[in-house]
Amino acid sequence: MFDPRDPDFLADPYPEFARLRVAGEVHQHDGLGLPIAVSHNAASAVLRHRGLGRIWTDATPAERFVSFNLLHRNSLLESEPPAHTRLRRTISAAFARGHVARLRPTVERLAETMVAEIAAVIADGRPADLLEHLAQPLPVAVIAELLGVPEADRPKLVPWSNTIVKMYEYGLPAAQQDAAERAAAEFVAYLRELADDRRRNPGDDMVTDLVAASGTEDGLSADEVVATAVLLLMAGHEATVNVIGNGVWALLRNPGQWQRLRDDPGLVETAVEELIRYDSPLQLFERTATEDVEIAGFRVARGEKIAALLGAAAHDPAVFDAPETLDVGRSPNPHLGFGGGIHYCVGAPLARVEIAAALRALLAQLPRLCLAGEPQRRPEFVIRGLRTLPVSA
């Protein structure tokens, strides 16, 4: 069974996933301490089965992880009905007030400005890091606009998010666990101040909408407002960063597909879906059995966990023709990159706008984009992405 810390596995996990799929749809992974569903069928069942839920268990000792646990105990992602129904209804209603449409011109302007910075670096005769200039700053700028975070405070957001999400990896050293709790505490304190300010000074942003709804029957508590804002940043930022980074790297390793996009920019929308599928930014998603459940013949007892291995599901030849081939025109494309069932990503429409804007800006300003060196990979398994992506033109 694969070792999630093995650099060779992290560099390309998909051959190992293929071997596992041939051997069976679900396997016990002793290293991770839970079974993993590796076929599209089994992974989809894990995401959608009503006998499997997101049942949050506090990180322990609880007194050591007060803020980390607060964020997750009150999170849409870590709840089930009826709490999940109430939270999702309120959050979806806030999105439905037109935030995606409101932000679209801002997203496109930001992407164009950031790609222009890449072009300027390249024109100066140097390679540019696409992570530094586009993939990292674009999603955080968009989520900051969504939440109404003042410009001066935005540099704090990425370090907080990057530090907290380390807790989702397996076998994290104690020092990094402590760092995650400190980041969570600082983030909680900051969001409480921001929410209090929006109560006094409403704006045209998501935090204002969430705070305004707190007085209604379905309204969020103060802790739920904080947890929702943090979830929107961490989920929206981490996933989109890695789709853009992983995806552009995949396109530059497959120059024929980049040429297809240059020749037919109308393929950008399908390309977005293919980049999410081809090298999934979230590789694993856990669920807990609320009753005895059977997934593809594998029994999961009540209280036990099982994980959908999203990267393996995305390369299942039973669902995707030639799954190891990048195809920017692939349609249909029933990937599970945004989850499934009641936990389908509420921010998916905004993420699609961001990824498409990044691709269009690159195609327009840097049509001859190419690799300028070997990227550096992040050493994590669950959140799959790059640290650097040097490019030239």
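This text goes with the structure placed above it.
It should be emphasised that the depicted structure is a prediction, and the values quoted were computed from it without experimental measurement.

Draft legend 1. Local environment of the sheet that holds strand β12 (residues 390–392). If you walk across this open sheet you meet the three strands as β4-β12-β9, and the pairing is antiparallel. With one partner strand each, in any of the chains shown, β4 (128–129) and β9 (370–371) form the two edges of the open sheet. In this sheet, β12 lies alongside β9 in antiparallel orientation, the contact comprising two bridges. Paired with Leu 371 across the strands is Val 391, a residue of β12.

Draft legend 2. Structural view of the environment of Leu 157. Tracing the backbone shows Leu 157 in helix α9 (residues 157–164). Separated by 76 residues in the primary sequence, Leu 157 and Leu 233 have C-alpha atoms spaced 8.0 Å apart. Excluding its chain neighbours within four sequence positions, the residues that come into contact with Leu 157 are Val 140, Ala 144, Val 149, Phe 187 and Leu 233.

Draft legend 3. Geometry of the packing of aromatic side chains. Enumeration according to the criterion identifies eleven aromatic pairs in this entry. Ring geometry for Phe 9 and Phe 17: centres 5.8 Å apart, planes at 75°, overall edge-to-face. The two residues Phe 9 and Phe 17 agree in class, both being buried. Relative to Phe 381, the ring of Phe 9 has its centre 5.7 Å away and its plane inclined at 50°; by these criteria the two rings are tilted. On the criterion of sequence distance, the pair formed by Phe 9 in helix α1 (residues 7–11) and Phe 381 in the loop between β10 (376–377) and β11 (386–388) is long-range, its members being 372 residues apart. Neither Phe 9 nor Phe 381 differs from the other in exposure class; each is buried. Every member of this aromatic cluster is reached through a ring pair, and the members are Phe 2, Phe 9, Tyr 14, Phe 17 and Phe 381. When the ring centre of Trp 249 is taken as origin, the NZ or CZ atom of Arg 253, which lies over that ring, is 4.2 Å away. The ring of Phe 320 has Arg 277 lying over it, and the distance from NZ or CZ to the ring centre is 5.3 Å.

Draft legend 4. Molecular detail of the nonpolar core. Ranked by internal contacts, the top residues of the largest apolar core, which has 101 residues, are Leu 130 and Leu 134. At 16 residues, the largest contribution of residues to this core is made by helix α12 (residues 222–253). Setting aside anything within four residues of it in sequence, one finds Leu 130 in contact with Ile 118, Ala 135, Ile 244, Val 248, Leu 362, Leu 369, Leu 389 and Val 391. Of all hydrophobic cores here, the second largest spans 17 residues; its members include Ala 37, Phe 285, Ala 313 and Leu 336.

Draft legend 5. Fine view of the pattern of salt bridges. Scanning the entire structure with this criterion turns up 28 salt bridges. Of the charged contacts, one joins Arg 73 and Asp 58 as a salt bridge, the two residues approaching to 2.9 Å between their closest N and O atoms. Here Arg 73, found in helix α4 (residues 66–73), pairs with Asp 58, found in the loop between β3 (52–53) and α4; they are 15 residues apart in sequence, far enough to count as distant. By relative accessible area, Asp 58 is classed as partly exposed at 27%. Residues Arg 154 and Glu 145 are paired through a salt bridge, measuring 3.3 Å at the closest nitrogen-oxygen approach.

Draft legend 6. Main features of the side chain of Glu 181. Tracing the backbone through its elements, the reader meets Glu 181 in helix α10 (residues 174–200). The side chain of Glu 181 sits in the buried core without any salt bridge; Arg 64 is the nearest counter-charge, 8.2 Å away. Within the structure, Glu 181 has its side chain in polar contact with the backbone nitrogen of Phe 68 (distance 2.9 Å). Other than its neighbours up to four places away in sequence, Glu 181 contacts Arg 64, Phe 65, Val 66, Ser 67 and Phe 68.

Draft legend 7. Representation of the pairing of strand β1 (residues 26–29) within the structure. Pairing between β1 and strand β2 (residues 34–37): four bridges, direction antiparallel. Its bridge partner lying in β2, His 27 is registered against Ile 36. Between the end of β1 and the start of β2, which pair antiparallel, lie four residues, with Gly 33 showing a positive phi angle near 80°.

Draft legend 8. Structural view of helix α14 (residues 268–278). Judged by how many residues are buried, α14 sits mostly within the fold: nine of eleven residues are covered. Of all the positions in α14, only Val 268, Ala 271, Val 272, Glu 273, Glu 274, Leu 275, Ile 276, Arg 277 and Tyr 278 are classed as buried. Buried positions along α14 lie against α2 (14–23), α12, α13 (255–263) and α16 (348–365).

Draft legend 9. Representation of the layout of surface pockets. Estimated volume of the second largest pocket: approximately 240 Å³. Along its surface, the second largest pocket is lined by Pro 4, Arg 5, Lys 166, Glu 169, Tyr 170, Gly 171, Leu 172, Pro 173, Gln 176, Pro 379, Glu 380 and Phe 381. Looking at the lining of the second largest pocket, its residues break down into six nonpolar, two polar and four charged.

Draft legend 10. Up close: unusual backbone geometry. Of note, the amide linkage connecting Thr 60 to Pro 61 takes the cis form, showing an omega dihedral of -5°. Among the structural elements, Pro 61 can be located in the loop between β3 and α4. With an omega of 0°, the peptide bond between Ser 331 and Pro 332 qualifies as cis. Its location among the elements puts Pro 332 in the loop between α15 (310–313) and α16. Its identity is not glycine, yet Ala 296 carries a phi of approximately 50°, on the positive side. Of note, Ala 296 is situated in the loop between β6 (293–295) and β7 (298–300). With relative accessibility at 42%, the residue Ala 296 sits in the partly exposed group. You will see that Ala 322, though not glycine, has its phi angle at about 45°, which is positive. The partly exposed category is assigned to Ala 322, whose relative accessible area is 47%.

The rules behind each value
- Sequence order as written defines the numbering, with residues in each chain counted from 1.
- It should be noted that, the model being predicted, local features are given only for residues of pLDDT at least 70 and side-chain atom pairs only at 80 or more, the latter also being counted only at that level, while totals for whole chains, interfaces and linings use all residues.
- Side-chain metrics in this entry use all non-hydrogen atoms of the structure; hydrogen atoms and water are not considered.
- In this description, strands pair whenever DSSP reports at least two bridges between them.
- Each helix is a run of H or I in the DSSP string that is no shorter than four residues. Each strand is a run of E no shorter than two, and both are numbered from the N terminus.
- Between two residues, a contact is recorded if the distance between any of their heavy atoms is within 4.5 Å.
- Between rings of Phe, Tyr and Trp, where Trp is taken as its six-membered ring, a pair exists when centres lie within 6.5 Å; planes separated by under 30 degrees are stacked, by over 60 edge-to-face, and by other angles tilted.
- A simple rule labels every residue: compare its accessible area, found with a 1.4 Å probe on the protein chains alone, to the largest value its type can have, and call it buried under 20%, exposed over 50%, or partly exposed in between.
- Think of it as a cone above the ring: NZ of Lys or CZ of Arg counts as a charge over the ring if it is within 6 Å of the ring centre and within 35 degrees of the ring normal.
- The definition of a nonpolar core used throughout is a set of buried Ala, Val, Leu, Ile, Met, Phe, Trp, Tyr and Cys residues joined through side-chain atoms within 4.5 Å.
- Only one rule defines a salt bridge in this text: a Lys or Arg side-chain nitrogen within 4 Å of an Asp or Glu carboxyl oxygen.
- In this charge count, Lys and Arg are treated as positive and Asp and Glu as negative; neither His nor the chain ends contribute.
- Side-chain atoms alone can form a polar contact between residues adjacent in sequence; in general such a contact is a pair of N or O atoms within 3.5 Å, and within protein one must be able to donate a hydrogen while the other accepts it.
- The method works on a 1 Å grid over the protein atoms by themselves. A cavity is a set of points holding a 1.4 Å probe that cannot get out, a pocket is an open set with protein on both sides within 12 Å along at least five of seven lines, and residues with an atom within 4 Å of a point line them.
- Grid points are joined across faces, edges and corners, and a volume is the space filled by probe spheres set on the points.
- Ten residues, namely Ala, Val, Leu, Ile, Met, Phe, Trp, Tyr, Cys and Pro, are considered nonpolar, four, namely Asp, Glu, Lys and Arg, are considered charged, and the remaining ones, Gly among them, are considered polar.

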